[in-house]
Amino acid sequence: MALVVYNSLSRKKEVFTPINPPYVGMYVCGPTVSGESHLGHARPYITFDVVYRYLLHLGYKVRYVRNITDAGHFEEEGREAEDKISKKAQLERMEPMELVHKYTSLFHWAFRKFNTLEPSIEPTATGHIIEQISMIEDLIKKGYAYEVNGSVYFDVAKYAEGHDYGKLSGRVIEDLLETTRTLESQEEKKNKADFALWKAAPPKHIMRWKSPWGEGFPGWHIECSAMSTKYLGSYFDIHGGGMDLLFPHHESEIAQSTICNSHAPVKYWIHNNMITINGRKMGKSYNNVIRLTELFSGNHPLLTKAYSPMVIRFFILQTHYRSVLDFSNEALEGSEKGLRRLFEAFEILNSLPGGENREGTAKELDTKINSTLDELPTFLDDDFNTAKVLAAMFEIVPTINSLKEKIIPVDALSSKTIERLKNDFHVYLEEILGLKNEWEVTGAFKGVMNLLASIRKDARSKKDYYTSDKIRKELAELGIDMKDEKDGNVSWGLR
Ligand code: ZN
């Protein structure tokens, strides 16, 4: 079966055919490092990490570019916003690059905890001022940008004469161009819909670069056009980001690149949906923005406890990336239990004897397990449906638990099926979904725990209940449960 992806540009699912196989170019809009990452950032970078991992699994050679926005002038919904880095640097009394370093490091730290793979290239906006200036010069030369008082704007009305501005986001150009001017500093623009490519720096503005139009700083959209073209060429396979970037950011990227390169820049546009919190949109005005550091520590009024990065990753992947994902403590607690159940099943699988060429005694069960495993790649091929992969894996868990409890004899399944289960759990859970067993105990600690379990077993067989109870009670206080199995062995686990 072929991989099918939903393309935001055509608004339908399309068979994924790379421009130059086996190479795939993927660009994902990275974070603005003017502050700490929050829950809303976790979704795109985890989503595209799985897209990246799955493409690698399919054998593609992927160049994954994810930028760092460390400068720039922002426009949201056609409304001018300021340079967030400069503003925050003044607020925190830091050098802008000191601020950028602090939040870039925090971003990397959090996403290492989420077990996301490093992108192939992580370019910064400030490292590509020259490329941005030359692209702006090209736009002016071609008649699609104009300079006013040291600032340069993209001429949306001119572009709309020959192109469909609004094609990606579904915005109607007539609405965007309507002439009722709102206040704010839009007097310079020919049209409300025009967006800044370069802004003249006011005297006190700290981040500034020399340009043909005087000292200033770049607009936000131009950075992604300049860097994606530089590293992936003028036509590349995948451009991704959160749905909130459809307009104006990605729409404007298309316009800029289309003029500079004489054709549209991207084959497949992929967007993840948003995260709501207890049914509400996340936003400062609702007081419900939860930073990643707060999630990991549980230190936020909306949180009943801390949640580990793997639980959050699992929670995100339990919903298809194009559906709205609602955050609540109950949902997260459910994810925590679910993830643990899956990895416990994986541990049981790994402890089952394999190797010998045994036919299974329960043919029907064996066939059922195999056909469930057959479905895993088809779910991912269907627009990266991680939710269905996890649901299918959960269907197998009761069988695995029954093997452990010996409700189903181990020889019910063929040794081939047991090996396949071990392999598929590893490939799908760990390699493709990027999940890790946070409860797994290894090394010296594992040895010490097994020793204590064996001492308890001996003590019980000698009726030395003082020793056996002491071990159980004191470990329970440390959050470790000992359990006497039916066969007389003692097992243990972290709570
Ligand atoms: Zn971008």
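Higher on the page you've got the structure.
Small disclaimer: the values here were computed from a predicted structure and weren't measured. (Residues numbered from 1 in each chain as written. Predicted model: local features only at pLDDT ≥ 70, side-chain atom pairs only at ≥ 80, totals over all residues. Heavy atoms only, no water.)

1. A few points about the overall build of the protein
Next up, step 1: Tallying secondary structure elements over the protein gives 16 helices and 17 strands in all.
Next up, step 2: Overall, the C-alpha framework of the protein stretches about 90 × 50 × 35 Å when taken along its three principal axes.
Next up, step 3: Each of the 495 residues in the protein was classed as buried or not, and the buried ones make up 52%.
Next up, step 4: In the protein, of all internal contacts separated by at least 6 residues, the share reaching a separation of at least 24 is 74%.
Next up, step 5: Total accessible area on the protein is roughly 22800 Å²; 52% of this is exposed by carbon and sulfur atoms.
Next up, step 6: Separation of charge centres in the protein, based on 63 positive and 69 negative side chains, amounts to 3 Å. (Helix = DSSP H or I, 4+ residues; strand = E, 2+ residues; numbered from the N terminus. Buried < 20%, exposed > 50% of the residue type's maximum accessible area, 1.4 Å probe, protein only. Contact = heavy atoms within 4.5 Å. Areas by Shrake-Rupley, 256 points an atom, 1.4 Å probe, with all protein chains shown as cover. Lys, Arg positive; Asp, Glu negative; His and termini not counted. Charge placed at Lys NZ, Arg CZ, Asp CG, Glu CD.)

2. Quick word on the side chain of H250
Next up, step 1: Residue position: H250 is located in helix α8 (residues 246-261).
Next up, step 2: Judged by relative accessible area, H250 falls into the buried class, the value being 0%.
Next up, step 3: Not counting residues within four places of it along the chain, the set of residues in contact with H250 comprises C29, L168, H239, G240, G241, L245, W269 and H271.

3. Describing the sheet that holds strand β13 (residues 275-277)
Next up, step 1: Read across the sheet, 3 strands follow the order β14-β13-β15 without closing on themselves; strand pairing throughout is mixed. The sheet terminates laterally at β14 (280-281) and β15 (325-327), the two strands that pair on one side only. (Pairing = 2+ DSSP bridges.)

4. Thoughts on the pairing of strand β1 (residues 4-7)
Next up, step 1: For β1 and strand β2 (residues 12-15), the ladder comprises 4 bridges, and the chain directions are antiparallel. Looking across to β2, one finds that Y6 is bridged to K13.
Next up, step 2: If you look at the hairpin formed by β1 and β2, you'll find 4 residues sitting between the two strands, and R11 has a positive phi there, around 60°.

5. Let's talk about the coordination of the zinc ion
Next up, step 1: Protein coordination at the zinc ion: the donors are C29 (SG), C224 (SG) and H249 (NE2), at 2.0 to 2.1 Å from the metal.
Next up, step 2: Counting gaps between the donor residues of the zinc ion yields the pattern C-x194-C-x24-H. Within this pair, whereas C29 is found in the loop between β3 (23-28) and α1 (39-57), its partner C224 is found in helix α7 (residues 220-232), the two being separated by 195 residues in sequence. When sorted by exposure, C29 lands in the same class as C224, which is buried. (Donors = N, O, S within 2.8 Å, 3.2 Å for Na, K, Ca; no water.)

6. Section: the nonpolar core
Next up, step 1: Membership of the largest hydrophobic core comes to 93 residues, with the highest contact counts inside it found for L295, F327 and F425.
Next up, step 2: Residue contributions to this core peak at 10 residues, all from α1.
Next up, step 3: Lining this core are residues from two domains, each supplying at least three of them: domain 1 (16-272) and domain 2 (280-432).
Next up, step 4: For L295, the contacting residues outside a window of four places in its chain are L39, I290, L303, A306, Y307, I312 and F327.
Next up, step 5: Judged by nonpolar contacts, the second largest core, of 41 residues, contains F74, V156, Y159 and C224. (Core = buried A, V, L, I, M, F, W, Y, C linked by side-chain atoms within 4.5 Å. Domains from an automatic or database assignment.)

7. Focus: the layout of surface pockets
Next up, step 1: Taken as a whole, the second largest pocket encloses approximately 1500 Å³ of empty space.
Next up, step 2: As for the second largest pocket, its lining consists of 38 residues, of which E347, I348, K404, S491 and W492 are closest to the centre.
Next up, step 3: Secondary-structure elements contributing two or more residues to the lining of the second largest pocket are α11 (329-351), α13 (386-404), α15 (443-461), β16 (480-484) and β17 (490-494).
Next up, step 4: For the lining of the second largest pocket, the element with the most residues is α11, which contributes 10 residues. (1 Å grid on protein atoms, 1.4 Å probe; cavity = no way out; pocket = protein on both sides within 12 Å on 5 of 7 lines; lining within 4 Å. Points joined across faces, edges and corners; volume = space filled by probe spheres on them.)

8. A look at the packing of helix α12 (residues 363-381) against helix α14 (residues 415-432)
Next up, step 1: Look at α12 against α14: their axes get within 11 Å of each other, and the N-to-C directions meet at 25°. It follows that α12 is roughly parallel to α14 by the angle criterion. Relative to α14, α12 is oriented so that their crossing is left-handed. In contact with D366, I369, N370, L373, D374, L376, P377 and L380 of α12, α14 contributes T417, R420, L421, D424, Y428 and I432.
Next up, step 2: Each residue belonging to the contact of α12 with α14 can be placed in one class, and the counts come to 8 nonpolar, 2 polar and 4 charged. (Axes fitted to C-alpha atoms, helices over the stretch in contact; angles between N-to-C directions. Parallel < 35°, antiparallel > 145°, perpendicular 65-115°, else oblique. Left-handed = near helix turned anticlockwise from the far one by under 90°. Nonpolar A, V, L, I, M, F, W, Y, C, P; charged D, E, K, R; others polar.)

9. Here's the deal with the environment of S120
Next up, step 1: If you trace the backbone, S120 turns up in the loop between α3 (96-113) and α4 (129-141).
Next up, step 2: Along the primary structure S120 and D484 are separated by 364 residues, whereas in three dimensions their C-alpha atoms are 49 Å apart.
Next up, step 3: From its side chain, S120 meets the backbone nitrogen of Y64 in a polar contact 2.7 Å long. (Polar contact = N/O pair within 3.5 Å; in protein donor to acceptor, adjacent residues only side chain to side chain.)

10. Considerations on the sheet that holds strand β4 (residues 61-66)
By way of backbone hydrogen bonds, the strands of a sheet pair with one another, either parallel or antiparallel.
Next up, step 1: Read across the open sheet, the 4 strands follow the order β4-β3-β11-β12; overall the sheet is parallel. Both outer strands of the open sheet, β4 and β12 (266-272), are each paired with one neighbouring strand and no more. Averaged over all pairs of adjacent strands, the angle between strand axes in this sheet comes to 20°, irrespective of strand direction.
Next up, step 2: Note: β3 against β4, 6 bridges, orientation parallel. When the sheet's bridge partners are listed, V24 is paired in β4 with V62.
Next up, step 3: Across the sheet, α7 is in contact with β3, β4 and β11 (236-242); its angle to β3 comes to roughly 160°.

11. Digging into the packing of aromatic side chains
Next up, step 1: Within the structure shown, the criterion is met by 22 aromatic pairs.
Next up, step 2: Here the aromatic rings of F343 and F346 are separated by 6.3 Å at their centres, their planes lie at 50°, and the arrangement is tilted. Placement of the pair is F343 and F346 together in helix α11, with a separation of 3 residues, close to one helical turn. Comparing F343 with F346 shows no difference in burial state: the two are buried.
Next up, step 3: Here the aromatic cluster, defined as three or more aromatic residues joined through ring pairs, consists of Y45, F107, W109, F111, F114 and F296.
Next up, step 4: Cation over ring: R322 sits above Y6, and NZ or CZ is 3.9 Å from the ring centre. (Phe/Tyr/Trp six-rings, centres within 6.5 Å; stacked < 30°, edge-to-face > 60°. Lys NZ or Arg CZ within 6 Å of the ring centre and 35° of its normal.)

12. So, empty space enclosed by the protein
Next up, step 1: Under the definition given, this model contains 2 cavities of 30 Å³ or more.
Next up, step 2: Roughly 70 Å³ of volume is contained in the largest cavity.
Next up, step 3: Taken together, R43, T47, V50, I316, L317, T319, H320, Y321, F384 and T386 make up the lining of the largest cavity.
Next up, step 4: Elements that contribute at least two residues to the lining of the largest cavity include exactly α1 and α10 (309-317).
Next up, step 5: Sorting elements by how many residues they give to the lining of the largest cavity places α1 first, with 3 residues.
Next up, step 6: Of the residues that constitute the lining of the largest cavity, the class distribution is 5 nonpolar, 4 polar and 1 charged.
Next up, step 7: Domain assignment of the residues forming the lining of the largest cavity places at least three in each of domain 1 (16-272) and domain 2 (280-432).
Next up, step 8: One number sums up the size of the second largest cavity: a volume of about 50 Å³.
Next up, step 9: Lining the second largest cavity are E36, S37, L106, F107, W109, A110, L292 and T293.

It is worth stressing that arrangement in space is one thing and function is another; only the former is reported here.
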